[in-house]
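# Architecture at a glance
Here is how the chains run, residue by residue.
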Amino acid sequence: MQKPIAASKAVKLLSSYGINFVPHKFCKNFGECKDFAKKHGYPLVLKAYSPRFLHKTEAKLLFVGISNQRELAKAYKKLAKIKDAEIMIQKFISGFEFMVGVKRDYLLGHFLLVGSGGIYTELFKDFALRRIPINAKDAKEMLVELKVRKLFKGFRGKKCNMQAMIDLMLKLSKLVLKNEWIAELDLNPVVVDEKSAQVVDVRILGDD
Amino acid sequence: MNEIFSKGRERYLLKNKEVEKGCPSMIERFFEARNVVVIGVSHNPKKVGHVIFRNLVRKFVGRVCGVNQGTKPILGRKLYTSIADAKNVELAVVAVKAEKVPKVVEGCGKVGIKNVIVISGGFSELGEEGKKLEQELLKICKKHGIRLLGPNTLGIYVPKYGLDTTFLSDEKICKPRHGKVAILTQSGAIGCLLLDMLGKANVGVSKFISYGNAIDVNATELLEFLGKDKDTGVIVWFFEGVKSRRFAEVLQEVSKKKSIIVLKGGKTKEGSRAASSHTASMAGDYELFRAMFKQYGVLEAENLEELLDYVKAFATQPLPTGRKVCILTDAGGFGVLASDVCQKLGLELKLPSKRLIEKLSKVMPRHIVLSNPLDVTGDADAERYETCLKEVVKEYDAILLIMLFQLPMLGYEVVERVARVWRKVKKPIVICSHGSRQEVFQKFEACGIPVYPSPERAVKALAALYQRFEFVSSKGKIC
C-alpha cells in the first residue's frame, strides 16, 4: 500500500537535500502564527495538511492572501478544528508557477516531470518528462521543451531563473535516487521569478 | 561460407565453456547453432512445419534434421520419429500443436538441447488455458536449463548462415541479404512486413528476431545481446510493452553504442488510472517510454513507413557531423518544400560560399541558381549534377539531391556518377524523387543511396541522422 507521508516530514526531506521551500512554519497554536506574521509580515498563506484530504483547494483547507491579523485568526480558527491536521503558515509569494513531480513505474523506475502552470499543468498539458537520474543537460532540455520556454529569456518584463529550476530538478533527482520508497511526489506549485525557484507545496506518497 | 561456418563453430565452443562456468546468457547460441532440428515437419508444403524445414534445407550452412511421426522422407531427407534419435542437436525449432509443446520441449530437455524456439501459437494470446500451458512450459525450461524463444513467434533469421526458422516461404517474400541491421519484433506480422520491406529496399540484415510471447527470453535480453553483436550496427525494434526491470538500464547502455529505431504499438493505453498525484495522472505509460527514447538517444518512428525511411538512412549513410544541408535540385517547387522542412527540423540551409559560387559559375550555364537550394534547373543532365555535387560536398555536412526523372535530359547514368562521389566523401546523401518509373530508384538503393518519394520524408531522414550525431557527440558531456 502507498500512503502520503506527513507534510512536516516531506518538507524536512526536501530541505535536507537543499531544496528551497518558501519561508514557512508548522504552528501548534495561534501564538506561533502571530510570531511568524510579525517576523515576515503580510500577506500570508495558512493551510492544513490532513491525511484524510488529498487536495487542499477542493477541501477548503487553504487560505491564500491573508492580509491582517483578523483574517489570520479567522482562518486559524477554521483549520484548528480539523482533526490530526498539521497547520502551516507561509509567506505569500508570487511569480510564474511551475510544477515538478516524480512518478515511479514498477518496471521502468522513477521519472521526473516538469510542467508549466502550477495547478493548471494538467489543463495546459505543457510538461516534459525524463527518467531519473537526470543530468544538467537533461534538465535544461526539459525546460526548453516547454511551451513557456521564452520565460527563461524574459517575456514582457517577466523572467524566470532557469538555473534555479535546473538546480531544483537535479536536487530532486538526487533525493529520489536515495529514497526509492517514494512512489509519487508533487512539488506544486513551484514559484519561479528572476532570482529563485521556491517550492510552495509538497506532497509525497510512499511505500507503507 | 565454410570459413564463416568454422569460425562460428569455434565461437560457439568457446561460449559453451563459458556456459559451463556459469555464464548466465545463452542467447548467442540461438544464432550460432550449427545443428538444428525441426520438430513437427509436415508433408504438406503449405504447412508451417514444412516451410520451416524447406527454408533450412535450402539455405542453412549447418546441419538440419527433422522429426515427424511418419518415416517417409520429406524433401529427400530422412526423418526421425523421436527427438531422442537426433544426435548433437544445439537448437530445436518446435512447430507442433500448442497442447503437445510441453511434452516435446521436455523431450528436448532430456537429450540435452538447451535452445528451443517455439513457433506454435495458441498460448496466453488466447486466454487462461493458454496461460497455464505457458507456465507448464516455463517450468520444464527451468528444470532442464533450456532457454526458450517464443511461443507464438516467427523465430529467427540469420542471413549470414541461412539460419531461417520463419515459416515465410522465399517465393512469397523478398528476404533481405546479410547486412548490419537487426530486426527485433514482438509481433510476427510486423516482423514479416519489415523483412519484406528491407528486402525490397536492399537493406541488409544481421539478425531477425521475433520473440512473440517472450515467456523466457525477453526483449531486454535480446537488446542487450544485439548491443554486443559484432554484425549489428543498427537495431530496429517493434514492441508493445516490456517485462524486465533491467529494461531502462539496458536501453540506455545499448543506445550509447548502436542506433536504435523503435516503433511502439499500444500508445493510447492509459497509465495508472488510480493515480492520485498530478504527476502520475499526466505521465502515462507511453509518455514514460517517450521520455526514455528522448533521453537515451533512441529514435522513435510514428508508423511503419517512417520506420522504413529511417532504417534506409541509418543502414546506408554515415552520420553528418554538422547541421549544414545543401539541397541540390532540378525542380524548384520540390526545393522550396524541402527548405521548409529543413527549417522546421532545425537543419541549416547555409548559402554557398563565395569560393563555391565562383567555381561553379565558371563551368555552369548562366541560368542555374547558385543559392541554397542550388537549382540546376530542368535541363540538368547527369554531368551537371556530378560537377555540382563534387563541389558542394566540400562545404556541407549532408546533401539532399532532388531529381525529376520525368525530364528529358536526366538519364539513369546519374546513379553511377552520384554513387562515385558519395563513396569518396563519407557524408550522407539522400535522394528525393518521385514517379511511376521505379527502376532508377532501385538502382540508387542497390548502390546504397536511399530514395524518398517526398521532400518531407527525405529531410526527416536527414534530420534523424543529425539528431543521432548530436546525441552521440554530446554523450556524457554535461553543459
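The text that follows walks through the structure, step by step, so that each part is easy to find. (Residues numbered from 1 in each chain as written. Chains lettered and ligands numbered in written order. Predicted model: local features only at pLDDT ≥ 70, side-chain atom pairs only at ≥ 80, totals over all residues. Heavy atoms only, no water.)

## Some words on the overall build of chain B
The line we're drawing: Per the convention used, a helix needs a DSSP run of H or I reaching at least four residues, while a strand needs a run of E reaching at least two, with both numbered from the N terminus. Values of the radius of gyration come from C-alpha atoms, whereas the globule rule sets the reference at 2.2 Å times the count of residues to the power 0.38. Exposure classes here rest on a 1.4 Å probe applied to the protein chains alone. A residue is buried below 20% of its type maximum, exposed above 50%, and partly exposed in between. Contacts were defined at the residue level, with two residues in contact if any of their heavy atoms lie within 4.5 Å. Here the Shrake-Rupley method, with its probe set to 1.4 Å, supplies the accessible areas, and only the displayed protein chains count as covering residues. Working convention for charge: Lys and Arg count positive, Asp and Glu count negative, and His plus the chain ends are omitted. All charge positions are set by atom: Lys at NZ, Arg at CZ, Asp at CG, Glu at CD.
Helix and strand counts for chain B come out as 17 helices and 18 strands. On C-alpha atoms alone, chain B measures out to a radius of gyration of 25 Å, which is about the 23 Å that the 2.2 N^0.38 rule sets for 479 residues. Overall size of chain B, expressed as C-alpha extent along the three principal axes, is 80 × 65 × 40 Å. Classification of the 479 residues of chain B by burial places 57% in the buried group. Contacts in chain B between residues far apart in sequence, at least 24 positions, make up 74% of those at least 6 positions apart. Surface summary for chain B: the accessible area is close to 20800 Å², and the carbon and sulfur share equals 53%. Charge-centre separation for chain B: the mean point of 76 positive side chains lies 5 Å from the mean point of 53 negative side chains.

## Observations concerning the interface of chain A and chain B
Our working definition: Two parts placed together each lose some accessible area under a 1.4 Å probe, and adding up what both lose gives the buried area. By convention in these notes, a salt bridge is any Lys or Arg side-chain nitrogen within 4 Å of a carboxyl oxygen on Asp or Glu.
At the interface, 32 residues of chain A touch 30 residues of chain B. The contact between chain A and chain B buries some 2700 Å² in all, and 59% of this surface belongs to carbon and sulfur atoms. Looking at the side of chain A facing chain B, the largest losses of area belong to Lys103(A), Leu107(A) and Arg131(A), adding up to 24% of the total buried there. In this structure, Arg131(A) engages Glu249(B) in a salt bridge whose closest nitrogen and oxygen atoms are separated by 3.1 Å.

## Side note on helix α3 (residues 48-59) of chain B
Each full turn of the α-helix corresponds to 3.6 residues, which orients residues three or four apart in the same direction. All names here are of chain B. The cut-off we apply is this: To estimate how far a helix should reach, multiply one less than its number of residues by 1.5 Å.
Helix length check: α3 (12 residues) gives 17 Å between terminal C-alpha atoms against 16 Å at 1.5 Å per residue, within 8%. By the criterion of burial, α3 is predominantly enclosed, with nine of the 12 residues buried. Within α3 the residues assigned to the buried category are Gly-49, His-50, Val-51, Ile-52, Phe-53, Arg-54, Asn-55, Leu-56 and Val-57. Looking at the packing, one finds that the buried side of α3 touches β1 (35-39), β2 (63-67), β3 (79-80), β4 (91-94) and β8 (163-164).

## Overview of a nonpolar patch on the surface
Inclusion rule: Here the term patch refers to residues with relative accessible area over 30% and no salt bridge, with like charges joined within 9 Å and nonpolar side chains (Val, Leu, Ile, Met, Phe, Trp, Tyr) within 5 Å.
On the surface, Ile119(A), Tyr120(A), Leu123(A) and Phe124(A) cluster together into a nonpolar patch covering about 450 Å² of accessible area. With respect to the secondary-structure elements, Tyr120(A) resides in the loop between β7 (109-116) and α4 (121-124).

## Observations concerning the sheet that holds β3(B)
Residues and elements named next belong to chain B. Formally: In this description, strands pair whenever DSSP reports at least two bridges between them.
Within the open sheet, the six strands sit side by side as β3-β2-β1-β4-β5-β6. Their pairing is parallel. With partners counted over all chains shown, the strands left at the sheet margins are β3 and β6 (147-149), one partner each. In the sheet, β1 pairs with β4 via four bridges, with the strands oriented parallel. When the bridges of β4 are listed, Val-38 appears paired with Val-93.

## Observations concerning the pattern of salt bridges
Pairing between side chains becomes possible if they bear opposite charge and their charged atoms approach one another. Within the structure shown, the criterion is met by 40 salt bridges over all chains. For Arg203(A), the salt bridge goes to Asp186(A), with nearest N and O atoms at 4.0 Å. Here the residue Arg203(A) occupies a position in strand β11 (residues 202-207), and Asp186(A) occupies one in strand β9 (residues 182-192), the gap between them amounting to 17 residues. Judged by relative accessible area, which is 15%, Arg203(A) ranks as buried. Overall, the relative accessible area of 4% leaves Asp186(A) in the buried class. We note a salt bridge from Lys132(B) to Glu129(B), for which the minimum N-O separation is 3.8 Å.

## What to know about the sheet that holds strand β17 (residues 429-432) of chain B
Residues and elements named next belong to chain B. Taken together, the five strands give an open sheet; going across it, the order is β15-β14-β16-β17-β18, and neighbouring strands pair in parallel fashion. Unpaired on one side and paired on the other, β15 (374-375) and β18 (451-452) mark the two borders of the sheet. In terms of strand pairing, strand β14 (residues 325-329) meets strand β16 (residues 398-402) through five bridges, oriented parallel. Bridge pairing links Leu-328 to Leu-401 in β16.

## Observations regarding unusual backbone geometry
Across the junction of Gly150(B) and Pro151(B), the peptide omega takes the value 0°, indicating a cis bond. Structurally, Pro151(B) can be placed in the loop between β6 and β7 (155-158). Of the consecutive residues Asn372(B) and Pro373(B), the connecting peptide bond is found in the cis state with omega at 5°. Looking at where Pro373(B) falls in the secondary structure, it is placed in the loop between α13 (354-363) and β15. The phi torsion at Arg156(A) lies on the positive side, around 50°, for a residue other than glycine. Position of Arg156(A) relative to the elements: it lies in the loop between α5 (136-145) and α6 (162-178). Note on Arg156(A): relative accessible area 79%, which makes it exposed. Of note in the backbone geometry, Asn152(B) takes a positive phi value of approximately 65° without being a glycine. For Asn152(B), the position within the fold is in the loop between β6 and β7.

In short, the description is geometric, and any link to function would need to be established separately.
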